[in-house]
Number of protein chains: 2
Amino acid sequence: MDSPCYCDLLRTAARKTTAIYDRHLAEVGLTLAQYKLLKKIERAGELSISELAAACDLDRSTIGRNAQVLEKHDLVAECSCGDGRRSMLKLTETGRQRFAAAAPHWRAAQAEIEAVLAPDQIVALTTLSDAL
Amino acid sequence: MDSPCYCDLLRTAARKTTAIYDRHLAEVGLTLAQYKLLKKIERAGELSISELAAACDLDRSTIGRNAQVLEKHDLVAECSCGDGRRSMLKLTETGRQRFAAAAPHWRAAQAEIEAVLAPDQIVALTTLSDAL
DNA sequence: CCATAACGCGGGTATATACCCCTATTGAAC
DNA sequence: GTTCAATAGGGGTATATACCCGCGTTATGG
């Protein structure tokens, strides 16, 4: 009757995992969430807040505030496009360098997870997001 | 070469799942995180901040602040024990009622997850926390 | 007993996240 | 063309989370 709270399991797993990635990425002064944003922007070249929010499946206001942190750290800059409502985000030179420097640390974190989880758990992880 | 970021998968899954539970629990004015704290306190009767933090595998300061929210909502009260350093947390009468009222909503959320995930994914979830 | 170590917790700071409402801008319909 | 709807974003508020530091309290050693 006491089935474990699935949400709690996921949240705990996410926190633990985030801590691992954050610990690796801290060596270049990034968090996993920041690394993810940089990756999305790097891939796209330029993205508006709303586009980035859609790409990350996060709330617009969340992205807006997270982007402010990246701007504060001089990793991302805003540039205007024709539309007066939107402002496009792109990496600064510092941002590009930081992102490049972060990549090996991210891969190390990935490897650490792969070392700990069984292959079928990895697969389950991948299919999990799709199901939700 | 582009293996998906396991951390991102987990974080996204956790966010989505939390939203589902929060939506159910919002009917009684609780979040999943708050429900979890109430459950732990209810099970134990009385718990100190540090004990609750250990039970939830969360930082002490996190629990301290989350407990303040619960106290603000009059769901939890502090009572002193012999030790002048510690103050024990226990449910108020309101807290007990709220927790009882929340239970069916939590179960509905659990059922919603079970309806969406395959049984082997449920199992994978359960073993995931242990592995991390 | 007293000095010191260990413990418990609050507060400061930072980040991540979401909801709401408001404003400005743009596009669309007539 | 002017009105009106849709879009983009900012700001307010709330919560969740973690790290560090300092202060008070208790326990421990001598």
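Above this text is the structure in question.
Computed from a predicted model, the values in this text were never measured in an experiment. (Residues numbered from 1 in each chain as written. Chains lettered and ligands numbered in written order. Predicted model: local features only at pLDDT ≥ 70, side-chain atom pairs only at ≥ 80, totals over all residues.)

Q: Where do I start with the interface of chain A and chain B in this structure?
A: Put simply, an interface is often sized by how much accessible area is lost when its parts join up. Each partner contributes residues to the interface: chain A has 34 residues there, and chain B has 32 residues. Residue contributions to the side of chain A that touches chain B peak at 13 residues, all from helix 1 (residues 6-25) of chain A. (Contact = placed C-beta atoms within 7 Å. Helix = DSSP H or I, 4+ residues; strand = E, 2+ residues; numbered from the N terminus.)

Q: Help me understand the sheet that holds strand 1 (residues 47-48) of chain A in this model?
A: The strands making up a sheet associate through backbone hydrogen bonding, with each pair oriented either parallel or antiparallel. Residues and elements named next belong to chain A. A sheet is described by the order of its strands in space; here three strands give the open sequence 1-3-2, paired in antiparallel fashion. Among the strands making up the open sheet, the edge pair consists of strand 1 and strand 2 (76-80). Where strand 2 lies against strand 3 (residues 87-91), five bridges are found, and the strand directions are antiparallel. Paired with E78 across the bridge in strand 3 is L89. (Pairing = 2+ DSSP bridges.)

Q: Explain unusual backbone geometry to me, please; I cannot follow it from the model alone.
A: One can expect most non-glycine residues to show negative phi and most peptide bonds to be in trans. In this model, A:D57 sits at a positive phi of 60°, which is unusual for a non-glycine residue. By the element assignment, A:D57 lies in the loop between helix 3 (49-56) and helix 4 (60-72). On the basis of neighbour counts, which here come to 11 C-beta atoms within 10 Å, the residue A:D57 falls in the exposed class. With a phi angle near 60°, B:D74 is a residue other than glycine that sits in the positive phi range. Looking at the element boundaries, B:D74 is found in the loop between helix 4 (60-72) and strand 1 (76-80). (Buried ≥ 20, exposed ≤ 12 C-beta atoms within 10 Å, placed from the backbone.)

Q: Mind showing me how you'd approach helix 2 (residues 32-44) of chain B here?
A: Along an α-helix, residues three or four positions apart point the same way, because every turn accommodates 3.6 residues. All names here are of chain B. Over its 13 residues, helix 2 extends 18 Å from the first C-alpha to the last, a length consistent with the 18 Å expected when each residue adds 1.5 Å. All buried positions along helix 2 are accounted for by L32, A33, Q34, Y35, K36, L37, L38 and I41. Backbone geometry just after helix 2 places G45 at a positive phi near 85°. (Expected span 1.5 Å × (residues − 1).)

Q: Please explain the protein's contact with DNA strand D as it appears in this structure.
A: The environment of DNA strand D is made up of 25 residues, and the closest members are A:S48, A:S50, B:A33, B:S61 and B:G84. Looking at the surface near DNA strand D, the elements that each hand over two or more residues are helix 1, helix 3 and helix 4 of chain A together with helix 2 and helix 4 of chain B. By residue number, the principal contributor to the surface near DNA strand D is helix 4 of chain B, which donates five residues. Classifying every residue of the surface near DNA strand D by side-chain character gives five nonpolar, 11 polar and nine charged. (Near = placed C-beta within 6 Å. Nonpolar A, V, L, I, M, F, W, Y, C, P; charged D, E, K, R; others polar.)

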